[in-house]
Amino acid sequence: FPSCENPRRVPPGDHVRLLRRAREVTRYLDRILSDRTKHPNLLGFPNGYIRDTGWTPPEELTLDILTYYAGGWQGSQTYYFLGYDNRYWRAHAIANDVIAATEDVVMDGEHLPVGSVEVETVSPYPPSVYQTPILDTETYRRGDELVVAVANFWQYGEAFYSLKVPLADRTKRYSVMD
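Residues numbered from 1 in each chain as written. Predicted model: local features only at pLDDT ≥ 70, side-chain atom pairs only at ≥ 80, totals over all residues. Heavy atoms only, no water.

1. Examining the overall build of the protein chain
Summing up its helical and strand segments, the protein chain has three helices and seven strands in all. When the helices and strands of the protein chain are placed in sequence order, the string is α-β-α-β-α-β-β-β-β-β. Within the span of the protein chain, comprising 178 residues, buried residues form 39% of the whole. At a minimum sequence separation of 6, the contacts of the protein chain that also span at least 24 residues come to 74%. As displayed, the protein chain offers around 11100 Å² of accessible surface, 52% of which is attributable to carbon and sulfur atoms. (Helix = DSSP H or I, 4+ residues; strand = E, 2+ residues; numbered from the N terminus. Buried < 20%, exposed > 50% of the residue type's maximum accessible area, 1.4 Å probe, protein only. Contact = heavy atoms within 4.5 Å. Areas by Shrake-Rupley, 256 points an atom, 1.4 Å probe, with all protein chains shown as cover.)

Here's what the structure looks like:
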């Protein structure tokens, strides 16, 4: 997280580690318990790592909530501190709107393997300092419905990308949510 003393000290893609960790837990549970109904409910704790000089911008709070969600966790409880203002409550609302619109597919559908879709950046993009791409995806399917979560973990800029979905039926209509 950024420091009040040096807000740009965070390396590009720092939050991608959260998705990697969330994936590791859900993949582990998939290996030891093939029946997903027997998995324990997982509760993430975004923004729970504030130190004396650190802070989390509201946009990163939204990203962290959605990262746990896309990683297959059932919920998250953000760290509460008295400094929350409307920007932070708006961050919660944005995340909850996305979750409400997609949770039937994500929670009750089939989690497809990484690589089920192809995403390629079409704008300049920094390399990751971690072993995971900074622009990453999670894909879920339930019947004819498909949810592809594309996450931009580069905290200093937008990402423009092309998305190829080989599983998509060209005769169907699709919508994109931002």
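That covers the picture; the talk isn't over yet.
2. A few points about the packing of aromatic side chains
The tally for this structure, following the rule as stated, stands at one aromatic pair. Ring geometry for tyrosine 68 versus tryptophan 73: centroids 4.9 Å apart, planes at 50 degrees, classification tilted. As far as burial versus exposure is concerned, tyrosine 68 and tryptophan 73 are alike and both buried. (Phe/Tyr/Trp six-rings, centres within 6.5 Å; stacked < 30°, edge-to-face > 60°.)

3. A few points about the side chain of threonine 137
Structurally, threonine 137 can be placed in strand S5 (residues 135-142). Discounting chain neighbours no more than four positions away, the residues touching threonine 137 are Arg23, Val117, Val119, Ala149 and Val150.

4. Brief notes about the pairing of strand S6 (residues 145-152)
By the bridge criterion, eight bridges tie S5 to S6 in an arrangement that is antiparallel. Following the sheet pairing, glutamate 138 is matched in S6 by alanine 149. Where S5 folds back onto S6 in an antiparallel hairpin, the turn is made up of two residues, including glycine 143, whose phi is positive at roughly 60 degrees. (Pairing = 2+ DSSP bridges.)

5. Overview of the pattern of salt bridges
A complete count under the given rule lists eight salt bridges for this structure. Across the pair aspartate 144 and lysine 172 runs a salt bridge whose closest N-O atoms are separated by 3.4 Å. Placement of the pair is aspartate 144 in the loop between S5 and S6 and lysine 172 in the segment after strand S7 (161-164), with a sequence separation of 28 residues. A relative accessible area of 64% means that aspartate 144 is categorised as exposed. The structure contains a network of salt bridges with shared partners spanning Arg23, Arg27, Asp136 and Glu138. (Salt bridge = Lys/Arg side-chain N within 4 Å of Asp/Glu carboxyl O.)

These results come straight from atomic positions and should not be treated as a statement about function.
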